[in-house]
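A look at the structure
Residue-level listing of the chains:
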Amino acid sequence: MEKSLFKTYRNIVVNCTLCGGSKTLSTSKTSNSNLMKHLQKQHASTNLVEKEPEGNVGDSSSVDAIPAKQRKLDFGQPAAQSITQPQLHRLIARYVVEDMKPISTVESHAFRQLISHIPVRGRAGKAPSRKTFSSFLDQEYANMESELKNTLDMVEYISTTADIWTVHNKSFLGVTAHWINAQNMKREKAALACRRFMGRHTYDSIASELDNINSSHGLSFKITSTVMDNGSNFVKAFKVYQPAPESDDSESEEDEVTFVSIGDVLQNAADDADDAISLPPHQRCASHTMNLISCTDVEKWLLSEAATKTIYRSATTKCAGLWNKASRSTVAAEIVDDIIAKKLLVPCTTRWNSFYYALERISKIPVVELNTISSTLQLKCFNEREHQCIREYCAVMKPLTVALDILQGEDHCFYGTLLPTLESLMTKTLAIKNVKTRFAHVLGSEDALLAAVTLPKFKLRWLHDQARKDLAKARLLVECRKLLPEQDQLQPGTSATNTTQHAGSSKEDEFFSFEENEDIYATAEGEVAEYLKSGATGLDSLNHFPMIKKLSLKLNAATPSSAPVERLFSLGNLILTPKRNKLSDHKFEKLLLLRYNLTSKVTSNLK
């Protein structure tokens, strides 16, 4: 047979050389079955011999040859692409921990069948049993704890957030740690604990458990502050168990020998144990305080004025009726969705800003559509005055909600963000008196002032009064001078004579080292001046100012709010579901800490 130069889109036409005349046949490009049938019927007695291809028959580029079959892909198990069994276990563990799956996932038939298709060196992959996998997670948790402790040992200043979470008739005390990495000047975090808290939430029980968590991680003398909400039990715990200030009079007094009965010592052992508890300074949650202003204080003012009391109550009551109907009835939710193509947001008492966002959604709905929804749901309609009240409320409260969202930040929010946020808020809202009252302890805090000044993003730009700028600069200079004698190496600007005097000089020479003091002051003033003159706003720019960097690492280690520990509880709520009520408290804590620290990137486990 010879190929013809004629072809179609899918078929080719050939000439049969055995038939007399010009017999043409059509066949598919990918199959020769039609040609084989013709040869078997018409030329069965002919001995067919394969013909060698001729090089000058025609141009192969102009004729489509029957393509060769595609090579089959080799799905074997090459050594370069296979993994080891421990690596497979680590991948399974990361999947279970990161997606918060139950441990029983490894016993699922479909999951085990899926794992069996993963190439493992020498054999097919095999998922571990539930008992083996649980032991593997325990070992990974122990490795994570060891690596986390090694990381925290290298950090000089750490801040923590803590709170108590109640779910399924159980209480848990959660603690997270936060610090600034001195190498890359980036915020880092880790979860330290989410332990079962038994009994009543008394101040002494809280203090004992917090001290136990801090000491178990070697953080008793590293924590600059612990951020918690304004609960009376938390406030009292930190007030009672603050370390006593050191007295200088004890050195001048003569030592006296006192004989004490051994029975009295054993009898007072419990009291001595309580005295050993020491907690770091307490920092009140700024978001919780801001929420009290935006909800409690503002509502109290609105209800105290006769002109706003009636209209505010009427508007919020009708809004509450809409929220109740839309959240409890599927028919009502469908009606709302058909009219405005959106859902109504329902306020939640445990979510900051939720009341504002719920009112904001209603304020953006036209009055006609809003009244259509109300009449369809057999509720009282809104009048123009009530709708205007809601819009004005949202306009006035917007700066408070923006400030609250800023203070709830974590990765790029520092304690130094608090004062500039409050200053900006007081210039944009009428609630100046409430802000000054609620945040009186912060507005007068020298640490809060220095924390803001040592952030390159703010420096002195947020201060509008020149007298306050001069005061902040003077305080920064004083703190930098305090750090100079502690430096192991001289900073640029000091003379070589200082090294000689510090290394091997007598007390008399150190007493009369006037040039040294002048150099110290010159160095501190020079660094502060260069820092304030610099236009860089990134935190990494502090690497050029070692004294200010050291201050910033200490003062800005804390977050303004306790939102991070609340996010830890949100993850815990996804793990401790009603279907997993048999999960032990220790296993729950391990799974939660593995999940939190896996995303925080402070450990290399399960990676």
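First, a word on what this report is: a plain description of the structure on this page. Nothing here was measured: the structure is a model prediction, and the numbers come from that model. The numbering scheme is per chain: residues are counted from 1 as the chain's sequence reads. Reporting in this predicted model follows two pLDDT cut-offs: at least 70 for local features of residues, and 80 or more for side-chain atom pairs to be given and counted; totals over whole chains, interfaces and linings ignore these cut-offs and use all residues. To get the side-chain values, take all heavy atoms of the structure and skip hydrogens and water.

Right, let's get into the nonpolar core. In terms of nonpolar packing, the biggest core is built from 75 residues, with Met290, Leu344, Ile390, Leu418, Phe439, Leu476 and Cys480 touching the most fellow members. In this structure, Leu344 is in contact with Leu322, Trp323, Ala326, Val336, Arg361, Ile362 and Ile365, ignoring residues within four places of it in sequence. Counting 36 residues, the second largest nonpolar core, distinct from the first, contains Leu88, Val120, Cys194 and Leu571. Working definition of a nonpolar core: buried Ala, Val, Leu, Ile, Met, Phe, Trp, Tyr and Cys residues. They are joined through side-chain atoms within 4.5 Å. A simple rule labels every residue: compare its accessible area, found with a 1.4 Å probe on the protein chains alone, to the largest value its type can have, and call it buried under 20%, exposed over 50%, or partly exposed in between. Any two residues whose heavy atoms approach within 4.5 Å are treated as being in contact.

We count a salt bridge whenever a side-chain nitrogen from Lys or Arg sits within 4 Å of a carboxyl oxygen from Asp or Glu. Considering all chains together, one arrives at 18 salt bridges under this definition. Between Glu410 and Lys189 there is a salt bridge, and its shortest N-O distance comes to 3.3 Å. Of this pair, Glu410 sits in the loop between α15 (384–407) and α16 (418–428) while Lys189 sits in strand β8 (residues 187–196), placing them 221 residues apart in sequence. On the basis of relative accessibility, which here comes to 8%, the residue Glu410 falls in the buried class. A salt bridge links Arg196 to Asp585; the nearest nitrogen and oxygen atoms lie 3.1 Å apart. Of the two residues, Arg196 sits in strand β8 while Asp585 sits in helix α26 (residues 585–600), which places them 389 residues apart along the sequence. A cluster of three or more residues bridged by salt bridges with shared partners is formed by Asp138, Lys587 and Lys590. Secondary structure elements are taken from DSSP: a helix is a run of H or I of four residues or more, a strand is a run of E of two residues or more, and numbering for both begins at the N terminus.

The next subject is the packing of aromatic side chains. Here is the rule: rings of Phe, Tyr and Trp (six-membered ring for Trp) pair when centre to centre is within 6.5 Å. Planes less than 30 degrees apart are stacked, more than 60 are edge-to-face, and the remainder are tilted. Enumeration according to the criterion identifies eleven aromatic pairs in this entry. The interplanar angle of 15 degrees and the centroid separation of 5.4 Å between the aromatic rings of Trp165 and Phe569 together place this pair among those described as stacked. Remark: Phe569 occurs in helix α25 (residues 563–575) and Trp165 occurs in strand β6 (residues 158–167); sequence separation between them is 404 residues. Take Trp165 and Phe569: they sit in the same class, and that class is buried. Ring plane angle 35 degrees and centroid distance 6.0 Å describe the contact between Tyr312 and Tyr393, whose orientation is recorded as tilted. Remark: Tyr393 occurs in helix α15 and Tyr312 occurs in helix α11 (residues 306–328); sequence separation between them is 81 residues. Tyr393 carries the same exposure label as Tyr312, and that label is buried. Each residue in the set Trp165, Phe172, Phe569 and Phe588 is aromatic and connected to the rest through ring pairs, giving one cluster. Its end group placed over the ring of Phe382, Lys318 keeps NZ or CZ at 6.0 Å from the ring centre. Think of it as a cone above the ring: NZ of Lys or CZ of Arg counts as a charge over the ring if it is within 6 Å of the ring centre and within 35 degrees of the ring normal.

In this section: the packing of helix α20 (residues 466–483) against helix α24 (residues 546–555). Here an angle of 0 to 180 degrees is reported between the N-to-C directions of two axes, which are lines fitted to C-alpha atoms, with helices fitted over the stretch in contact. Interaxial distance between α20 and α24 falls to 9 Å at its minimum, and their mutual angle equals 100 degrees. By the angle class used here, α20 and α24 are roughly perpendicular. On the side of α20, the interface is formed by Leu476, Glu479, Cys480 and Leu483, while α24 contributes Met547, Ile548, Lys550 and Leu551. Classifying every residue of the contact of α20 with α24 by side-chain character gives six nonpolar, no polar and two charged. The labels follow the angle: roughly parallel below 35 degrees, roughly antiparallel above 145, roughly perpendicular from 65 to 115, and oblique for the rest. Three residue categories are used. Nonpolar comprises Ala, Val, Leu, Ile, Met, Phe, Trp, Tyr, Cys and Pro, charged comprises Asp, Glu, Lys and Arg, and polar comprises the others, including Gly.

Our next topic: the sheet that holds strand β10 (residues 282–284). Two strands form a pair only when DSSP identifies at least two bridges running between them. Taken together, five strands build an open sheet; the order of strands is β8-β7-β6-β9-β10 and the sheet is mixed. In this open sheet, the two edge strands, each paired with only one partner strand, are β8 and β10. Between one strand axis and the next, the sheet turns through 25 degrees on average, direction left out of account. Of the strand pairs in this sheet, strand β9 (residues 223–228) and β10 are connected by three bridges, and their pairing is parallel. When the sheet's bridge partners are listed, Met228 is paired in β10 with Arg284.

To continue, consider the packing of α11 against α15. Direction vectors running N to C along α11 and α15 enclose 95 degrees, while the axes themselves pass 9 Å from each other. In terms of orientation, α11 lies roughly perpendicular with respect to α15. Across from Ala307, Ile311, Tyr312, Ser314, Ala315, Lys318 and Cys319 in α11, the residues of α15 making contact are Arg385, Glu386, Cys389, Ile390 and Tyr393. The class makeup of the residues in the contact of α11 with α15 is eight nonpolar, one polar and three charged.

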